[in-house]
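Overview (structure and organization)
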Amino acid sequence: MQLSSELRKDLDWLAENWQRKQLASLSPYNAAFYSSLLNILNGCESQHDIVLVIEGTLGKVADGYAHMLDIEPAELVTDPWVALRRLGDISERLRVASGT
């Protein structure tokens, strides 16, 4: 799968948040999500990895994570929902890039 520069940047941001906040240690789901995210970034993703990251950046799951993610203060001033929107963008871009 070919990642656009925007998608790679957002996936890197998400992976950095996961690592910095040690979110993978919170639950088996978080650990699997992080593993799938890294597989996508490293170019060795499976269909399961893609689906897991798409589903983890949508709806109630994304809503649960959005408040835990670091966002630049200037971005928050212009859009208080920026983290949730970024997660939705990740989901949509992954779906397009993978043909899922």
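Below: a short report on this structure. (Residues numbered from 1 in each chain as written. Predicted model: local features only at pLDDT ≥ 70, side-chain atom pairs only at ≥ 80, totals over all residues. Heavy atoms only, no water.)

1. Quick look at the packing of helix α3 (residues 47–56) against helix α6 (residues 82–98)
- Taken N-terminus to C-terminus, the directions of α3 and α6 make an angle of 155 degrees; their axes are 8 Å apart at the nearest point. As judged from the angle between their axes, α3 and α6 are roughly antiparallel. As for how α3 packs across α6, the hand of that crossing is left-handed. Between α3, through Ile 50, Val 53 and Ile 54, and α6, the contact on the second element is made entirely by Ser 91, Leu 94, Arg 95 and Ser 98.
- Residues of the contact of α3 with α6, tallied by class, amount to 4 nonpolar, 2 polar and 1 charged. (Axes fitted to C-alpha atoms, helices over the stretch in contact; angles between N-to-C directions. Helix = DSSP H or I, 4+ residues; strand = E, 2+ residues; numbered from the N terminus. Parallel < 35°, antiparallel > 145°, perpendicular 65-115°, else oblique. Left-handed = near helix turned anticlockwise from the far one by under 90°. Contact = heavy atoms within 4.5 Å. Nonpolar A, V, L, I, M, F, W, Y, C, P; charged D, E, K, R; others polar.)

2. A short note on the pattern of salt bridges
- A full pass over the atoms with the stated rule returns 8 salt bridges.
- Across the salt bridge formed by Lys 21 and Asp 70, the nearest N and O atoms sit 3.1 Å from each other. Of the two residues, Lys 21 sits in the loop between α1 (5–20) and α2 (28–41) while Asp 70 sits in the loop between α4 (59–66) and α5 (73–78), which places them 49 residues apart along the sequence.
- For Asp 79, the salt bridge goes to Arg 85, with nearest N and O atoms at 2.8 Å.
- In this structure, a network of salt bridges that share partners links the residues Glu 6, Asp 10, Glu 75, Arg 86 and Arg 93. (Salt bridge = Lys/Arg side-chain N within 4 Å of Asp/Glu carboxyl O.)

3. Re the nonpolar core
- The biggest cluster of nonpolar side chains holds 26 residues, and the ones touching the most others in it are Leu 11, Leu 14, Trp 18, Leu 37, Leu 87 and Ile 90.
- Of all the elements in the fold, those that place two or more residues in this core are α1, α2, α3, α4 and α6.
- Broken down by element, this core gets its largest block of residues, 6 residues, from α1.
- Each residue touching Leu 11, except ones within four places of it in the same chain, is listed here: Leu 3, Leu 37, Ile 40, Leu 41, Val 53 and Ile 90. (Core = buried A, V, L, I, M, F, W, Y, C linked by side-chain atoms within 4.5 Å. Buried < 20%, exposed > 50% of the residue type's maximum accessible area, 1.4 Å probe, protein only.)

4. A few points about the packing of aromatic side chains
- Taken as a whole, this structure holds 4 aromatic pairs when the rule is applied.
- Connected via pairs of aromatic rings, a cluster forms that spans Trp 18, Tyr 29, Phe 33 and Tyr 65.
- Between Arg 86 and the ring centre of Trp 13, over which it is positioned, the NZ or CZ distance is 4.4 Å. (Phe/Tyr/Trp six-rings, centres within 6.5 Å; stacked < 30°, edge-to-face > 60°. Lys NZ or Arg CZ within 6 Å of the ring centre and 35° of its normal.)

5. Here we look at the environment of Leu 69
- Within the fold, Leu 69 resides in the loop between α4 and α5.
- For the pair Leu 69 and Arg 95, spaced 26 residues apart in sequence, the C-alpha separation works out to 22 Å.
- Dropping the residues within four chain positions of it, Leu 69 is found in contact with Trp 13, Leu 14, Asn 17, Trp 18, Lys 21, Leu 23 and Leu 87.

The values reported here are purely geometric and, on their own, carry no functional implication.
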